[in-house]
Amino acid sequence: MSGLLGVQLLLLWASACLTLPSLALGAFVISGGHEALQETGGAARSLKKRSANEAMVEVYSVKVDCTVTSRFAHTVMTSKALNKANTSQEIFFEVDLPKTAFITNFSMEIDGQVYVGEVKEKEKAKEQYKKAVSSGKTAGLVKVSGRKMEKFSVSVNIAAESNVTFILTHEELLQRKLGQYEILTRVKPKQRVQEFQIVTNIYEPQGISFVDTHATFLSNDLLPLVEKTVTNNKAHISFSPTMEQQRSCSDCDGTLIDGDFIIKYDVNRADSFGDIQIVNGYFVHFFAPPSLHRVPKNVVFVIDRSGSMHGNKIAQTREAMLAILKDLPEEDYFAIVQFDSRVETWRETLSKATAENVKEAMSFIRKLHSSGSTNMNDALVKSGKMLLNDREEKRIPERSIDMIILLTDGMPDGGASTLGFIINSVRNVGGGNLTLFCLGFGNDVDYSFLDEMSKKNKGLARRIYEGSDAALQLQGFYDEVSSPLLLEVDLRYPDNAVDFLTTNRFNQLFNGSEIVVAGQLTDNDLNNFLVEVYGQGFEEDFKVQGQPGVVDWNVMYPDEEYIFGDFTERLWAYLTIQQLLEKGKSGSTGEKENATAKALDMSLRYSFVTPLTSMVVTKPETEDGTDSPLIADKLTEEQRQEAERMGGRYVSPVSHTYSYVPPPSLFVDGDPHFIIELPDRDDALCFNINDKPGTIFNLVRDPKPGILVNGEIIGDKMIPPDGKINTYFWRFGIIHQTLGVRLMVSTQDISVFQDGQLVKLLWSDSASLKGPNVDIAMIKDRSLTITLKDSVKFVILLHKVWKKHPYHQDYLGFYTLDSHLLSSSVHGLLGQFYHGVEYEVTELRPGEVQEKPDATMFVKGQQLNVTRGWQRDFRRDVKKGDNVPCWFIHNNGTGLIDGQASDYTVSGLFKTV
């Protein structure tokens, strides 16, 4: 989007229907032009300025329409805009949607001409693309966007006095987790919209047990605008504020609509054999029987404590494990195995989860530390043998489930490290009877290896994203699998009545989840349609059977224009494609090829954008008379991980690329103000650190490449009349151990140590220094840009104060560029935020100062009172700076930073302690 002339309008949509496993957040944003990365006075920065002509493009309609029919969500997002200028302008349309959703349609209508995307086989789409585009690479329409989201993005040039309508549709089967389905919409329009509407209709013939609706931005004035009507089997939720109701205050044009709109619901569950819907020759069977007793479990926690787990990872693992152990039911049995190059067990056998045993285990976990290599194979084999031996010796209940939960952040590199060998040895030791759940921590882990290993052992893999909420992610996953209700669940249907059945045998059913099976009917005589469900329960085998009743949708919903009547067939197709894609990753070569071919055929038949297909979107002809096709793909988990590992950009082997939301921009300036700009949320956080002059703080510490940045603060020359001494950074020490580079930057001069040589630079000069591992560019009395080879870039600004000023002194500002190139282990007052931070803001209320409202922030498991304010970014203008609106965290950033500010003080400019 960078470098475009004229006014640019970014329409960044919310993902309207997000399921519980897809809680990554979308956004609806209207903002000004995005300019390319520029060099201004020697300090590099990415400029985001609002265009003065932005009002010449009017967005007059924004609608999100979600229809949920028996858990199958069909979402249509529509936006209409008018170019009111007398020149053509570029308009952007972006939509965040769950990575598990399939795009099914996209179209643009420009002055009566409709341009429709076409789903094609991926290779054929690429051939068409390469024929039409000779200039090499261009951005694809689908980008990685956060943990569980993908961003659909397209732009189009609109002539003067013309309008455009964008329509995008996607579909997804909602998954039930922890007893509910969730639909979440994030909206951040940044300006008021004439027609703003969110509408959700939920049709559940089973009956709806509850519907909860709330939004983080709802004030007392907006709350009555949320209309919710719930009958036995239908819910209608809408939110449609007028232009005036969107206004953030009586005398301003800002909007109140900024945050998350959330719907949670569940259905009634009366029949023990589940609910079956039959429409147009296809059936879908939902199975989640109520009132079952949980099956006791025997769980071995296998924890990677190798050197790569040091720092935050091991601390968050300790935190999660302590919470998990504390909540273990007493009828469960458990064990703990830790591994680095060695394997260490808490006890040689499993222990019952009594209060005394849990207390001792928690003491063992508190001593968890990291070192050594990753001997994963021996740890998993040891865990499997413990479970088998205890079962043979009858030390654990006969009717119970045996499971291993593995947490690791890297590749095996100790003991047996061949991936295929490890997969087979784990399967062999368990005899196929153990359930293995693999949690991959961070981007260095081989997720495909964990995925294959878990699936061959009746489990599943899950990525744990590095961040402040990693411990909560671990606990959340454990909550999903900690309460098994049935084992070896088998759903049976008459052979002569059904065909093309999706997976109907499952290893376990967990409390709060749901099993879904779909298929095609070959016999319309429902008297022959006997459903049987078998499983192993708590005390005895589970067995139920029954015949489904037929719901007459016209009778149940007589006043509805039922536009989604083929939902059972599309649900069946969606589920079948998902399962075929999984089969395409395992099994013999022939089985993989067969599954992949079937998945491709169905993707094309039902117009789903899957990893096997692409949507080709051909935009209107350009001025030179050529068309401009773009391709929308569906990323695989491996491609997503590669994009994140590369700092946000995954380059396809062919001709288009996947880009990523820009990483956070972090800096510290002023007295001292710490700023965390988050482009993916178009928001910022800020806090101050107050301490006595002479204190040295660790700002960045990345042990993998050996990067260290410390800063020392200086105070005013004398105590001002108000008695408050301001402090600023005046010296920075920077080390890159791997590159052999050391710099000391003060308000007087710059010292560069490299290859045994010392180079000294003065701020009174403009100079540049190019070396094999570091480049230095200095603008006289203004800025210093430090570029470390294949790594991060730092910009240091010099603030010169009038020499005769009675109180203040010269000071420095510190800015980070390309922070995504640092490893996931980076920490420090700034470093801990380089890979983002998850937070939610709600309960906006008046503050002490009228223009600075207070709010409640939920971050890192804590609830903080924060204040809306602003700080200054001086990269573009070192004298005046630019205002950065931000949420201010009080008390030296307590609750936002890990620990306390005092935890980051060090004894020297190049010291770590």
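Heads up: these notes are all about the structure in this document. (Residues numbered from 1 in each chain as written. Predicted model: local features only at pLDDT ≥ 70, side-chain atom pairs only at ≥ 80, totals over all residues. Heavy atoms only, no water.)

1. Quick word on the sheet that holds strand E16 (residues 195–203)
Whether parallel or antiparallel, the strands of a sheet pair through hydrogen bonds between backbone atoms. Read across the sheet, eight strands follow the order E9-E8-E14-E6-E5-E16-E19-E18 without closing on themselves; strand pairing throughout is mixed. Each having just a single partner strand, strand E9 (113–116) and strand E18 (226–230) make up the two edges of the open sheet. Within the sheet, the average angular offset between the axes of one strand and its neighbour, ignoring direction, is 10°. Inspection of the sheet shows strand E5 (residues 57–69) paired to E16 by nine bridges, in the parallel sense. Note on E16: the bridge partner recorded for Val64 is Ile198. (Pairing = 2+ DSSP bridges. Helix = DSSP H or I, 4+ residues; strand = E, 2+ residues; numbered from the N terminus. Axes fitted to C-alpha atoms, helices over the stretch in contact; angles between N-to-C directions.)

2. Some remarks on the environment of Met362
Note that Met362 resides in helix H4 (residues 355–366). Take Met362: its relative accessible area is 15%, and that puts it in the buried class. With near-sequence residues (within four places) excluded, Met362 lies in contact with Leu322 and Leu325. (Buried < 20%, exposed > 50% of the residue type's maximum accessible area, 1.4 Å probe, protein only. Contact = heavy atoms within 4.5 Å.)

3. Some thoughts on the packing of helix H6 (residues 419–430) against helix H7 (residues 447–455)
Each packed pair of helices is defined by two parameters, the angle between the axes and the distance between the axes. Closest axis-to-axis distance for the H6/H7 pair is 9 Å, and the angle between their directions is 20°. What the angle tells us is that H6 and H7 run roughly parallel. Seen along the crossing, H6 lies across H7 with a hand that is right-handed. Side by side, H6 and H7 meet where Leu419, Ile422, Ile423 and Val426 of the first sit next to Phe449, Glu452 and Met453 of the second. (Parallel < 35°, antiparallel > 145°, perpendicular 65-115°, else oblique. Left-handed = near helix turned anticlockwise from the far one by under 90°.)

4. What about helix H10 (residues 567–583)?
If you check H10, its first and last C-alpha atoms are 24 Å apart, about what 17 residues at 1.5 Å a residue would give, namely 24 Å. In terms of burial, H10 is largely enclosed, as 13 of its 17 residues are buried. (Expected span 1.5 Å × (residues − 1).)

5. Some remarks on the pattern of salt bridges
For the structure shown, the criterion picks out 37 salt bridges. Residue Asp266 is joined to Arg176 by a salt bridge in which the shortest nitrogen-to-oxygen separation is 2.9 Å. Placement of the pair is Asp266 in strand E20 (residues 259–267) and Arg176 in the loop between strand E14 (163–173) and strand E15 (181–187), with a sequence separation of 90 residues. Assessed through its relative accessible area of 13%, Arg176 is described here as buried. One salt bridge connects Asp390 with Arg395, and the closest N-O pair in it is separated by 2.9 Å. A relative accessible area of 1% places Asp390 in the buried class. By relative accessible area, Arg395 is classed as partly exposed at 37%. A network of salt bridges, in which partner residues are shared, links Arg71, Arg176, Glu204, Asp266, Arg269 and Glu514. (Salt bridge = Lys/Arg side-chain N within 4 Å of Asp/Glu carboxyl O.)

6. Focus on the side chain of Asn233
On the secondary structure map, Asn233 appears in the loop between E18 and strand E19 (234–239). Setting aside chain neighbours within four positions, we find Asn233 in contact with Ile202, Tyr203, Glu204, Pro205, Gly207, Ile208, Met556 and Tyr557.

7. Observations regarding the environment of Leu798
Within the element layout of this structure, Leu798 appears in strand E52 (residues 793–799). Considered as a pair, Leu798 and Ser783 are 15 residues apart in the sequence and their alpha carbons are 5.9 Å apart. Leu798 has contacts with Thr747, Trp763, Asp781, Arg782, Tyr811, Leu812 and Val878, leaving out every residue within four places of it along the chain.

8. Notes on the sheet that holds strand E21 (residues 275–279)
Strand order across the open sheet formed by four strands is E21-E22-E33-E31, with antiparallel pairing between neighbours. A strand with exactly one partner marks an edge of an open sheet, and here the two such strands are E21 and strand E31 (498–499). Across six bridges, strand E22 (residues 282–287) lies against strand E33 (residues 515–521) in antiparallel orientation. Each bridged residue has a counterpart across the sheet, and for Phe287 the counterpart in E33 is Ile515.

9. Quick notes on the side chain of Asn698
Within the secondary structure, Asn698 is located in strand E43 (residues 696–702). Given a relative accessible area of 9%, Asn698 falls into the buried group. Of note is the side chain of Asn698, whose polar atom sits 3.0 Å from the side chain of Asn710. The contacts of Asn698, once residues within four sequence positions are left out, are Leu708, Val709, Asn710, His827, Gly828, Leu829, Tyr904 and Val906. (Polar contact = N/O pair within 3.5 Å; in protein donor to acceptor, adjacent residues only side chain to side chain.)

10. A look at the nonpolar core
Formed by 57 residues in total, the largest nonpolar core has its most connected members in Leu685, Leu699, Ile786 and Phe814. Once residues within four sequence positions are removed from consideration, Phe814 is found in contact with Leu666, Phe667, Val668, Leu699, Val709, Phe732, Ile734, Phe794, Val795, Ile796, Leu830 and Tyr834. Counting 54 residues, the second largest nonpolar core, distinct from the first, contains Val95, Val164, Ile208 and Ala215. (Core = buried A, V, L, I, M, F, W, Y, C linked by side-chain atoms within 4.5 Å.)

11. Re unusual backbone geometry
Here the phi dihedral of Ser70 falls at roughly 45°; this positive angle occurs in a residue that is not glycine. Checked against the element boundaries, Ser70 lands in the loop between E5 and strand E6 (72–83). With relative accessibility at 0%, the residue Ser70 sits in the buried group.

12. A closer look at the pairing of E52
Moving residue by residue along a regular strand, the side chains alternate between the two faces of the sheet. Counting buried positions over the seven residues of E52 gives seven, a clear majority of the element. A two-sided burial pattern is seen for E52, the buried positions comprising Lys793, Val795, Leu797 and His799 on one face and Phe794, Ile796 and Leu798 on the other. In terms of strand pairing, strand E51 (residues 783–788) meets E52 through five bridges, oriented antiparallel. When the sheet's bridge partners are listed, Leu784 is paired in E52 with Ile796. Hairpin connection between E51 and E52: a loop of four residues separates the two successive antiparallel strands, and Asp790 in this loop has a positive phi of roughly 55°. By the bridge criterion, seven bridges tie E52 to strand E53 (residues 811–817) in an arrangement that is antiparallel. Paired with Phe794 across the strands is Thr816, a residue of E53.

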